[in-house]
Structures are given as structure tokens and as C-alpha cells.
Amino acid sequence: MPTKQKKATEFTELPILPVRDTVLFPNAILPLTVGRESSLQLINELKEDERFIAVVAQRDPRVDNPQAVDLYQIGTAAFIHKIIKLPNQSLFVFVEGLQRIAVLEVVQQEPYLKARVQQLSDGAPEEKSADFEALVRSVTALFQQVVQLSPTLSDDLQTVVMNIDEPARLADFIAANLPSLSSTEKQELLESLDLKGRLERLHRLLAREVEVLQLRSKIQTEVQDQVTQSQREYYLREQMKAIQKELGEADEQQEIEELRKKIEAAGMSEEARKEANRELSRLAKMSPAAADYHVTRTYLDWLLALPWTKISATKIDLHKAKEVLDADHYDLEKLKERILDYLAVLQLKPQLKGPIICFAGPPGVGKTSLGKSIARALDRKFVRMSLGGIHDESEIRGHRRTYIGALPGQIIQGIRRAETRDPIFMLDEVDKVGRDFRGDPSSALLEVLDPEQNAHFRDNYLDVQFDLSKVLFICTANMLDTIPPPLLDRMEVLDLQGYTEEEKIEIAVRHLIPKQTEEHGIKSPEQINFTHEGLRDIIRHYTREAGVRNVEREVATVCRKQARKIAEGSTAQLVVTPDNLRDFLGMQRFRLETELVDRTRQPGVSVGLAWTPTGGDVLFVEANAMKGGKGFTMTGHVGQVMQESMQAALAWVRAHASDFGIDPDFFQSNDIHMHVPAGAIPKDGPSAGVTMVAALVSALTRRPARERVAMTGEITLSGQVLPVGGIKEKALAAKRAGVLEIILPAENEPNVLEDLSPELLGDVKIHYVKTILEVMDLALEKNPAPPQSANARAQASLMRQPTGPPN
């Protein structure tokens, strides 16, 4: 050893042995494996009594042939005690660190590095102060504590460290034996030439190691307290969870990284991305067994599944759109024009917000199917949501995540199903939304159906804004009265009136018959042929509706009958005519023409026109007078408004009794009864006012109503006739019933000119009136009917009943 120390103080040049991930401290003995060609040559060329080298750590351990720039400047002069040759031609050497050195200049590159070096002092202070002594003792105590807590360090190290008197040697010994230090931290300690600074740095590292080991011990204690002999698997999982919770040093799971990449690629808004990253951070710290783990994961899945930036990249073709709409639906010209107008504007301005359209009309006129055709014409995804019977606001806005099983509302779910943020979204039956203690869904729709607000729609579940401004919302409704005014104000209402008889025939030929024959496996016209006369008879005598659903059902019934014949072996073609319809559909259900004539033969009966959610209909109003005492009875399940119309009609008739030759004292000694047949059906509204006056005047003057004349209009006590709604539906109902003349308020003339073409009216004549007196001149016969006894009236009624099969 004296010879070694003597030579250690004399060297000025040393061969350099580069090492990876290893730092050699003075006074420490370290085993090294040498395998590089240059390093092997260095060891082999050393003389037996001059085995002095410089051990210097590499900056990057991945470099296989390091040069001077790849090495740290500070290393350790070392003496090789023993060299062992291994079977793989590499060497195993034991080196002892002697002293810190600084590499001044590389004097040889090949075959191995050799440098001029300078020996460095250990930095011990000349005078040891009380602070320095306290620091040395604190470092010693912390290391002893680390030895006690660490399961990998031998307890003998406590004795060794107590016997080291030199502070510099103490610091190097501890640094060399602390396994938790990284190579970078060890190199920093080696390069720390000030002993006090080196001890302070080592003190911080030891304090951190003590804290980590204490937490480890605490975790093991906590977990072991919960473990039983039969719960070993549970113990391992709890230990892993506790380590992740306390240390926070576990690697990110691959799934978390994949989610993070998806969030960055999803194109979310800034608000949504921040929320997603916040929830992902929470998820990364959770155990999969935690109660909130699946809730958070489901939330992230919903955020990632939404089409934040995806839109339909299709070129608008107005000609193709028109062809699709014409192919799918007959007539409905106004609606087709509105859709084509929207497409034209969208072609000129792609940033256009989607309009909110409401199709209002009776059942069976094609509202829902028109929405599908619009989606096909625009080449967009179609989403349909039925609002009928919905009572819970959460169906629209979603549930908050605090609830078990919470999900977004149907709006967001529909957008997810569409996989694009500009689908055609149909809200079916918007007039049938309910309201109860769970909320008001129609109020929740206010934001959805407002183009100025829906760009910032916030679902309760997502709790971030989602842009709905590109969605084309289409609502459908049978009647507008039940829709709240604020909601109705946000929609552009397009009316779909009922179809005429000719339109129904055309629809049946183009759409219904091909659809039903295909569904029933029948070839048309080879095996079944519907004549226009046969279809007209089905529409007139077997259905009474504004749409075509019942027509389709009757056509399907005939197809089933023919399918059965074909299945039984018949090959004859079936030609459907009015003569053989009864064999398939039974007795005629409606005979409106004969009913209209028969019921108005007697005075006191007039024909009105009514609007219903299923279209228009004719309405009979009857009046009768009998001996009594100023009584006025109203029957027929009539509503409050209709009762008030009856009272107004009676008041006007009494005020103008002299104009019709009625004794003014007649009302003092007689009772009057007004009745609206079909008493099981509720009726209300003011539009039957003129019909009630006509019935009263007819009953009191014995002037019967003119044949096939119907009327509608609201009355005032001053004798004015006010306009009413539903003109097209009422006119179509009158034509279906065989009415030849219709009396309408003069102010409704623009409605007729706009909605009813001459071809649509056919032989029906329209009279426009302003006063009730004009109505009486047009509605009633000029002369009273001859009086008849009860027996004569009954006999006449019996004679009018048809004796043969109905036409």
C-alpha cells in the first residue's frame, strides 16, 4: 500500500477507462466488467506494478465508442487490484478509488484514451466549526436511519460509518453505498469539491430517501393490517394502489396514454379539452376497482365519441335534391320550394345556420317520411327522436353525473349516432310533449330550437358547450294549439293540408300500391290491378281522413286477399273495381252524399264545416222549438266556446226576429233546444257560429236548408261574419261529403286563392259573405216546408232508406 500511495501522488498522465451508469468514489472498491476493445487493450497493456487508471463516467451510456466530449470532466484516479478473465473474452476487474482528478487535456485517442490530469483536493475546511460538526453528525444519523429502514443494506454499514473519522471519506463512503442515488446524482456529488456543500447535498438526498422508506414502511403496514391468509391476491392489488397513491411514481398506463392521444386528436373545443384532460388526470390516479372509475371512463368515452369537427363534406346539387323530393312525395310544392330555397342559400353561404322547421298537418300526410327524403336529398345522416309522451326534462338535456346510470340527453345521443355535427334531426310529435313534476321538456327545447342559442348548447351530463347550429331541426305536429307560444315562435311553421281525392289516387298509384304489392309478394299489374274507379271508391266509402294511412291499409287488405288466392293455386288476375270491392272490404262505411241530403230535408238542420287534428269534417247542427218557458238547452258534448257561440246566435235571432217573420213573443212561451250530433265526440270553437244561426232560423221559420250547402264562420252580436282557420281542410272535407256550395267569410278569400286551386275545388262553388243576413239568403230555402205529422215524417224517412246494395 505505501508503494501504491507513493505512485498515486506522482502521476500526471493516466489512461482513461470510460464506464456506463457507474461512478467510482475515492476510497471505494468497485467491481467492473470490461468488454470494449479499447478498454480491453488498456487493461492488457498495464504493467504489473503500475495499474493506475482514471475511471470517468460517460454522459450518455448509449455511446459505444466514447470520445473526450462524451465523458465528464471530473473522475477518479484508481488502482486495479485484481483482473479476472471471463469465458466471453471480457475482463472482470476490481478497482479502488484513490483521489478525485480533473481531465485537463486528452493526449492520446487511439487505441484508447489517455489524458493529462490534475489531482483535486477533498475540500475539507481548515477549521471545523460547530455547524460543520453538526452537519457531519446529521448526515451520519440519516444514513444509519436509511440502513435500518432499507431491506437491501447490511446492518454492518452502521458500524463502519461510525468508525470513519474523516468527513471527506465519510461523504464518499455514504454516496458510494446509497443504492437509491442515480448516476447523475452521484456524479454531482463527485464533482462537488467543497466538502460542506457536498455534505449538504448528501443531507438532502438522505432526507428524501428516509421519507420514501418511511412511506414504504407505512404502506406495507397499512396493507398488511387488512390482509388475511385467504386474501393474498387482494393484498397485492392494495399494495400497488397504495404505492401509486402515496408515491405518485407509477408509470402512466398505456390506456391512459391512448386516451390522451385521442383527446388531442378529437378536435374538441377549448372548454371540452380542458375538462377531458382534467377527468383523465383523475382517472390516471384511480384504481380500476374504485367506484368512480367507470363513471369517469364513460364520461371520457362520450366526449371522445362526439363529432366535434366532423361535418358532411358533400357538394350541394339542387337538381338532384329536387329529383329526390319529387320521387318520394307527390304534391307538397310549398314545402319542396322551402327546402330548395334553403339549399340554394347554403350553397352560396356554407356557414349558414340550420333553420328550425315545423311540419304541421293531419296524420298520414307524410311529415315524417318527408324528413327522411330531405336527408336523402341533402345526402346527410337522418336522426329521429319521438317526443310523444315525454315528461322528463332530462330526456332532452341529460342527467347530471351525480346520478347512478346518468347519460346525456337524446339530443347529444342522436348527434353521436349520426357521427356528424350537421345531420337532419327530426323531433317527431312536438305537440304531444307532456309536463309534470319531473320538469317541462318543451322549455328545455327552447334552447335547442333557437339558432341564436343552440351554438352554445350545454348538456347536463357533458357540462360543456356543444355547437348545434349546423343541425337542421325538423319538428312535426298535428296541431299547434298545444305547443307553448315561446317554442312555437322559434319555429318556421309549414302547413301540410290534407290531400284531395285525386291526389290520394295519384299517391296510391305511385307509392302505396307498389309498396304493398312488393311486401305481399304480388306482381303488379300481372296479378293485381287497381283501377282508378276502384281506388276512388276505396277513398270515398271506406276511409275518411286527410292523409293516406287508411287508404294504404285497405289496399293492403285487398293485396292479402289476392295473395291468399295465389297461394291456393289461382292464377287469375284480380282487377279491383267498385263492383267487387265489397267482396274484399265488406259493407261501405261512409255514405256522405246520401247522409247530407237526407238529414237536411227537415227544417232546423244545417251543415257546418269543422277542423280536426285529422283534417276537416262536416258538422251537423240541429235546432228545435217546443212549448215551455224561455228555456235554452245545448247538448252534444260542446265546449265552453261553442256554448257561447250558441248563446250569441240565439241573441242575434231574437234581436232580428221581425226580419224573419218570427213572433217576438214566441221566445216567452217556448223552449229551444240545440244539439250537435255525434255526442260522444268533444267539440269546441267559434267557427260554427253561422251554422247555429242558420239552424235556429230554419227551425223557427220552417225554411229548410238548401241541399248540399255547407258553411263556416264566427259571428258577432252585431251580425258580422268573422274569418276562421283551416279553410283548405274544411273545403276538402266538404268536397268529400258531396257539398256543392260553401259559404265562407269574405276575409278568408285570400286563403282560398292561395291554398285551393280551381282544379282542387272542381264543381264546388264558393260564396263570400260579410253579414249573417247574407248567410241566411244563401243557406235557406225561400219558402217554408209544408207541415208534416210525425207518422208522415217517419214514413218518408223509411221510404228514403236504400233497399238494395249501396253504390
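Residues numbered from 1 in each chain as written. Predicted model: local features only at pLDDT ≥ 70, side-chain atom pairs only at ≥ 80, totals over all residues. Heavy atoms only, no water.

1. What to know about the confidence of the model for the protein chain
Scored by pLDDT, the protein chain has a mean of 83; 91% of the residues are at 70 or more. A low-confidence stretch, residues 1-8 (pLDDT under 50), is modelled with twelve contacts involving residues beyond four sequence positions or located in other chains. For residues 789-807, every residue scores under 50 in pLDDT, and the model assigns this stretch twelve contacts once sequence neighbours within four places are set aside. (pLDDT = per-residue confidence, 0-100. Contact = heavy atoms within 4.5 Å.)

2. Structural notes on the nonpolar core
Nonpolar side chains in soluble globular proteins tend to be buried together. Residues I53, F143 and L206 are the most contacted members of the largest nonpolar core, which totals 69 residues. Looking at this core element by element, the count peaks at eight residues for helix α3 (residues 130-149). Setting aside chain neighbours within four positions, we find I53 in contact with L14, P15, L17, L42, L46, T76, A77, A78, I80 and V95. If you look at the next biggest cluster of nonpolar residues, it comprises 50 residues, including L280, L306, L387 and F473. (Core = buried A, V, L, I, M, F, W, Y, C linked by side-chain atoms within 4.5 Å. Buried < 20%, exposed > 50% of the residue type's maximum accessible area, 1.4 Å probe, protein only. Helix = DSSP H or I, 4+ residues; strand = E, 2+ residues; numbered from the N terminus.)

3. Brief notes about unusual backbone geometry
Across the junction of E110 and P111, the peptide omega takes the value 0 degrees, indicating a cis bond. For P111, the location among the structural elements is in the loop between β5 (91-108) and β6 (114-119). The backbone of N27 sits at a positive phi, close to 70 degrees, despite the residue not being glycine. In this fold, N27 is placed in the loop between β1 (13-19) and β2 (29-34). Using a relative accessible area of 41% as the deciding quantity, one classes N27 as partly exposed. Even without being a glycine, R708 presents a positive backbone phi close to 55 degrees. Within the secondary structure, R708 is located in the loop between α25 (689-701) and β20 (709-711). Looking at R708, the relative accessible area reads 27%, which means it is partly exposed.

4. Digging into the environment of T140
One can find T140 in helix α3. Note: C-alpha distance between T140 and P179 (39 residues apart in sequence) is 16 Å. Apart from the residues within four sequence positions on either side, T140 is in contact with V161, M162 and L170.

5. Quick look at the side chain of K683
Within the secondary structure, K683 sits in the loop between β19 (670-675) and α25. This buried residue, K683, is left without a salt bridge; D617 holds the nearest opposite charge, at 10.0 Å. Only 2.7 Å separates the side chain of K683 from the backbone oxygen of G636, close enough to count as a polar contact. (Lys, Arg positive; Asp, Glu negative; His and termini not counted. Salt bridge = Lys/Arg side-chain N within 4 Å of Asp/Glu carboxyl O. Polar contact = N/O pair within 3.5 Å; in protein donor to acceptor, adjacent residues only side chain to side chain.)

6. Quick word on the sheet that holds strand β9 (residues 424-428)
Across a sheet, strands are paired by hydrogen bonds formed along the backbone, either parallel or antiparallel in direction. The strand order β8-β9-β12-β7-β13 describes an open sheet built from five strands, whose pairing is parallel. Strands at the two margins of the open sheet, each flanked by one partner only, are β8 (382-386) and β13 (492-495). On average, each strand axis in the sheet is inclined to that of its neighbour by 20 degrees, with strand direction left out of account. Relative to strand β12 (residues 472-477), β9 is paired through four bridges, and the arrangement is parallel. Bridging from a neighbouring strand, F425 pairs with F473 of β12. Sheet strands in contact with helix α14 (residues 367-378) are β7 (356-360), β8, β9 and β12, and its direction is about 175 degrees off that of β9. (Pairing = 2+ DSSP bridges. Axes fitted to C-alpha atoms, helices over the stretch in contact; angles between N-to-C directions.)

7. Structural notes on the packing of helix α13 (residues 333-348) against α14
Here α13 crosses α14 at 30 degrees, and the two axes come no closer than 12 Å. Compared by their axis directions, α13 and α14 come out roughly parallel. In the packing of α13 onto α14, the handedness of the crossing is right-handed. Judged by residue contacts, L335, I339, Y342 and L343 of α13 engage L370, I374 and L378 from α14. (Parallel < 35°, antiparallel > 145°, perpendicular 65-115°, else oblique. Left-handed = near helix turned anticlockwise from the far one by under 90°.)

8. Digging into the environment of V69
Summarising the element assignment, V69 is placed in the loop between β3 (52-57) and β4 (74-85). Taking the C-alpha atoms as reference points, V69 and R59, separated by ten residues in sequence, lie 8.7 Å from one another.

9. With respect to the packing of aromatic side chains
Going through the model one piece at a time under the given rule, you end up with seven aromatic pairs. When the centroid spacing of 5.1 Å and the interplanar angle of 55 degrees are considered together, the rings of F52 and F79 count as tilted. Here F52, found in strand β3, pairs with F79, found in strand β4; they are 27 residues apart in sequence, far enough to count as distant. You can call F79 buried: its relative accessible area is 15%. (Phe/Tyr/Trp six-rings, centres within 6.5 Å; stacked < 30°, edge-to-face > 60°.)

10. Considerations on the pattern of salt bridges
Enumeration over the complete set of coordinates arrives at 36 salt bridges. For the salt bridge of K336 with D326, the shortest nitrogen-to-oxygen distance reads 3.1 Å. Of this pair, K336 sits in helix α13 while D326 sits in helix α12 (residues 318-328), and the two are ten residues apart along the sequence. A relative accessible area of 5% places K336 in the buried class. The class for D326 is partly exposed, based on a relative accessible area of 28%. Residue E429 pairs with K432 through a salt bridge whose shortest N-O separation is 2.8 Å. A relative accessible area of 23% means that E429 is categorised as partly exposed. Assessed through its relative accessible area of 37%, K432 is described here as partly exposed. Through salt bridges with shared partners, a single network forms among E275, R278, E279, R282 and R401.

11. A few points about the side chain of R36
Considering the arrangement of structural elements, one finds R36 in the loop between β2 and α2 (37-45). Although buried, R36 forms no salt bridge, and the nearest oppositely charged side chain, D64, lies 5.6 Å from it. In this structure, R36 is in contact with P18, R20, Q58, V63, D64 and P66, ignoring residues within four places of it in sequence.

12. Thoughts on the packing of helix α10 (residues 270-285) against helix α11 (residues 293-305)
Following both chains from N to C, one finds α10 and α11 inclined at 150 degrees, their axes separated by 10 Å at the closest point. Compared by their axis directions, α10 and α11 come out roughly antiparallel. As for how α10 packs across α11, the hand of that crossing is left-handed. Mapping the contact onto sequence places A272, E275, A276, E279, L280, R282 and L283 in α10 and Y293, T296, R297, Y299, L300 and L303 in α11. Per-class residue counts for the contact of α10 with α11 are eight nonpolar, one polar and four charged. (Nonpolar A, V, L, I, M, F, W, Y, C, P; charged D, E, K, R; others polar.)

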